[in-house]
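Understanding the architecture of this molecule
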Amino acid sequence: QVQLVESGGGLVQAGGSLRLSCAASGRTFDNYHMGWFRQAPGKEREFVAGINRSGGYTQYADSVKGRFTISRNNAKNTVYLQMNSLKPEDTAVYYCAACDKVNWGSFERQSPAEYGDWGQGTQVTVSS
């Protein structure tokens, strides 16, 4: 099991930027593929971005492609989500999650059910 703590959320105007961080502790961080998800009030939790163990592969939801960038620093046990050109519809609680499947190509990366460990979430609010 790995413990995850998100930070970096806040209130920002439309068009602005935020950088979320997720610090991991517990088991070896680079054993895990990592994902960012978000959940707005009254909506289901949705996939935002994912990154494989080494950082060599990434995947994004269509709604954030070209605006968000996921990255990781395994030496610092941290995964990041750089969010640019934010829109009011990006408002949600953002969660990081860890998946211990062996191969990046062997699981449904956009499904929350594939991720066994979750952080507590950080609120991102984008005002218009």
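Residues numbered from 1 in each chain as written. Predicted model: local features only at pLDDT ≥ 70, side-chain atom pairs only at ≥ 80, totals over all residues. Heavy atoms only, no water.

1. A word on the state of the cysteines
Linking two cysteines covalently via their sulfur atoms produces the bond known as a disulfide. We count it as follows: Any pair of cysteine sulfurs within 2.5 Å is marked as a disulfide.
The full count for this structure, using the stated rule, is one disulfide. Cysteine 99 takes part in no disulfide bond, and the closest cysteine sulfur to it belongs to cysteine 96, at a distance of 13 Å.

2. Examining the pattern of salt bridges
Quick note on the threshold: Any Lys or Arg side-chain nitrogen located within 4 Å of an Asp or Glu carboxyl oxygen qualifies as a salt bridge.
Tallying each qualifying case throughout the model produces five salt bridges. Across the salt bridge formed by glutamate 46 and arginine 38, the nearest N and O atoms sit 2.6 Å from each other. A single salt-bridge network, built from bridges that share partners, covers Arg38, Glu46, Arg67 and Asp90.

3. Some thoughts on the nonpolar core
Which entries qualify depends on this criterion: What is meant by a nonpolar core is a set of buried Ala, Val, Leu, Ile, Met, Phe, Trp, Tyr and Cys residues, joined one to another through side-chain atoms within 4.5 Å. Note on exposure labels: buried denotes an accessible area under 20% of the residue type's maximum, exposed denotes more than 50%, and partly exposed covers the range between, all computed with a 1.4 Å probe on protein chains only. A run of H or I in DSSP becomes a helix once it reaches four residues, and a run of E becomes a strand once it reaches two; helices and strands are each numbered from the N terminus. Residue contacts are counted whenever heavy atoms from the two residues lie within 4.5 Å of one another.
Within the largest apolar cluster, 37 residues are counted, with the highest numbers of intra-cluster contacts made by Met34, Trp36, Leu81, Met83 and Tyr94. At the level of elements, β1 (2-7), β3 (18-26), β4 (33-39), β5 (46-51), β7 (68-73), β8 (78-83), β9 (92-99) and β11 (122-127) are the ones that each hand at least two residues to this core. The element contributing the most residues to this core is β9, with six residues. Those residues within four positions of methionine 83 in sequence are excluded, and the remaining contacts are Gly16, Ser17, Leu18, Leu20, Arg67, Phe68, Tyr94 and Val124.

4. Overview of the sheet that holds β7
Worth spelling out the cut-off: When DSSP finds at least two bridges between two strands, those strands are taken to pair. Working convention: axes come from line fits to C-alpha atoms, limited for helices to the stretch in contact. Angles between N-to-C directions cover 0 to 180 degrees.
What the four strands build is an open sheet, ordered β1-β3-β8-β7; its pairing is antiparallel. On the outer flanks of this sheet lie β1 and β7, each paired with one strand and no other. The average undirected angle you get between the axes of adjacent strands in this sheet is 15 degrees.

5. Concerning the side chain of arginine 72
What counts here: Pairs of N or O atoms within 3.5 Å make up the polar contacts considered here, provided that, within protein, one atom can donate a hydrogen while the other can accept it, and that residues adjacent in sequence are counted only when both atoms are side-chain atoms.
Looking at the element boundaries, arginine 72 is found in strand β7. Engagement of the side chain of arginine 72 in a polar contact is seen with the backbone oxygen of tyrosine 32, the distance being 2.8 Å.

Worth remembering: the numbers are spatial, not functional.
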